[in-house]
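Examining the three-dimensional arrangement
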Amino acid sequence: MKTTPTAPRHHLLPTAAAAVTVVLWASAFVAIRSAGDSYSPGALALGRLLSGSLVLGLLCVVRREGLPPRSAWRGIAISGLLWFGFYSVVLNWGEQQVDAGTAALVVNIGPILIALLGARLLGDPMPPRLLAGMAVSFAGAVTVGLSMSGEGGSSVLGVVLCLLAAVAYAGGVVAQKPALGQASALQVTTYGCLVGAVACLPFAGQLVGEAADAPLSATLDMLYLGVFPLALAFTTWAYALARTTASRMGATTYAVPALVVLMSWLALGEVPGTLTLAGGVLCLAGVAVSRSRARTSRVVAATGTRPEEARESA
């Protein structure tokens with residue numbers, strides 16, 4: 001039977017997009033740490049969303065994307081409020097209250113919530129490979145979190161804020177998934193970012209006042225957060241999410257803690273301990289398992305035979 005050479009490409013492009021997302025999201029932790037010394041949580045969130053909206057808006061004009069169809073606006077509005085707006089503020093605030101390890105541990109319940117909500121609301125399958133990979137990655141996230149704990153003060157408020165961030169993240173992803181069936185990844189990301197920016201406008205006064213006193217490096221960090229981990233990474237995320245399940249994409253983000261450890265090591269000279277490295281390896285191993293496909297699916301993808309049989313059999 002004639003092979004289909006484009007089939008592997010259909011799997012490689014979403015995987016590459018997901019990889020870009022997790023790398024840029026990991027880099028955001030380093031930038032947030034720096035900018036957070038000069039900007040309050042709400043001001044930092046608004047500045048990031050405004051710069052991201054500007055870049056995304058220009059891309060929409062260049063590509064002549066236009067407005068999303070009416071059927072996509074419900075998901076765009078919910079994801080914009082929950083994920084782009086509320087999540088950004090409470091996570092910035094939470095990381096000022098708890099140490100990095102505790103924050104990483106609490107926020108990383110997000111992929112589990114995504115899997116549960118995706119199965120309940122979207123009918124996402126939960127094959128054994130996905131569940132096993134999530135279990136391994138969560139164990140790695142717990143290991144990283146515990147190994148990094150004690151580097152700062154912790155509070156009940158901080159834990160609650162990080163928990164709220166995880167819930168908002170999960171709700172935003174699940175709401176975004178149906179919208180991607182009606183509008184392009186760029187449209188969903190752009191208007192979700194705009195919704196989040198409008199929701200954060202009450203912090204405009206803080207942003208103006210703090211920007212006047214902040215060092216240039218902190219402002220550049222804020223702009224970086226808006227252009228790369230937001231505008232670019234959220235678009236590549238939406239592109240990949242439109243081509244797979246919310247559960248599988250959520251599991252992919254378990255690679256973020258491992259990459260944060262590596263980036264902190266390279267950029268900040270923070271040498272991780274053995275336990276931290278072991279946790280990072282577990283995070284990456286779990287992602288590899290959760291994104292793997294059964295042998296039958298790989299054969300079908302390579303030969304192009306009977307697409308309906310390409311569903312995971314494991």
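Scoring rules and cut-offs
Residues numbered from 1 in each chain as written. Predicted model: local features only at pLDDT ≥ 70, side-chain atom pairs only at ≥ 80, totals over all residues. Heavy atoms only, no water. Patch = residues over 30% accessible without salt bridge, like charges linked within 9 Å, V, L, I, M, F, W, Y side chains within 5 Å. Areas by Shrake-Rupley, 256 points an atom, 1.4 Å probe, with all protein chains shown as cover. Salt bridge = Lys/Arg side-chain N within 4 Å of Asp/Glu carboxyl O. Helix = DSSP H or I, 4+ residues; strand = E, 2+ residues; numbered from the N terminus. Buried < 20%, exposed > 50% of the residue type's maximum accessible area, 1.4 Å probe, protein only. Axes fitted to C-alpha atoms, helices over the stretch in contact; angles between N-to-C directions. Parallel < 35°, antiparallel > 145°, perpendicular 65-115°, else oblique. Left-handed = near helix turned anticlockwise from the far one by under 90°. Contact = heavy atoms within 4.5 Å. Nonpolar A, V, L, I, M, F, W, Y, C, P; charged D, E, K, R; others polar. Expected span 1.5 Å × (residues − 1). Core = buried A, V, L, I, M, F, W, Y, C linked by side-chain atoms within 4.5 Å.

The grouping of Phe 86, Val 156, Val 160 and Leu 164 at the surface amounts to a nonpolar patch, some 350 Å² of accessible area in total. If one sorts the elements of the nonpolar patch by residue count, helix H7 (residues 156–179) sits on top with 3 residues. Take Phe 86: it is sitting in helix H3 (residues 73–94). Given a relative accessible area of 37%, Phe 86 falls into the partly exposed group.

This part takes up the pattern of salt bridges. Two side chains of opposite charge can pair, provided their charged atoms sit close to one another. Using the criterion set out here, one finds 1 salt bridge in the structure. Notably, a salt bridge pairs Glu 65 with Arg 63, separated by 3.3 Å at the nearest N-O pair.

Attention now goes to the packing of helix H8 (residues 185–199) against helix H10 (residues 216–241). Contact geometry for H8 and H10: axes closest at 8 Å, N-to-C directions at 135°. In terms of orientation, H8 and H10 fall into the oblique class. In this structure, the crossing between H8 and H10 has a hand that is right-handed. From H8, Ala 185, Leu 186, Thr 189 and Cys 193 reach across to H10, where they touch Leu 230, Ala 231, Phe 234, Thr 235, Ala 238 and Tyr 239. Across the contact of H8 with H10, the residue classes break down as 8 nonpolar, 2 polar and no charged.

What follows concerns H8. Look at H8: 21 Å from first C-alpha to last across 15 residues, which is about the 21 Å you get at 1.5 Å a residue. Of all the positions in H8, only Ala 185, Leu 186, Gln 187, Val 188, Thr 189, Thr 190, Tyr 191, Gly 192, Cys 193, Val 195, Gly 196 and Ala 197 are classed as buried. The inward-facing, buried residues of H8 abut helix H2 (41–63), H3, H7 and H10.

This paragraph deals with the nonpolar core. Of all hydrophobic cores here, the largest spans 66 residues; its most connected members are Tyr 39, Trp 83, Tyr 87, Val 173 and Trp 237. Per-element accounting of this core gives the leading share, 11 residues, to H10. Excluding residues within four positions of it along the chain, Tyr 87 makes contact with Leu 82, Val 107, Ala 165, Ala 168 and Tyr 169. By size, the runner-up hydrophobic cluster in this structure holds 10 residues, among which are Leu 130, Tyr 254, Ala 258 and Val 287.

The next subject is unusual backbone geometry. Positive phi, normally seen in glycine, also occurs at Arg 64, with a value near 55°. For Arg 64, the location among the structural elements is in the loop between H2 and H3. Residue class for Arg 64 comes out exposed when judged on its relative accessible area of 76%.

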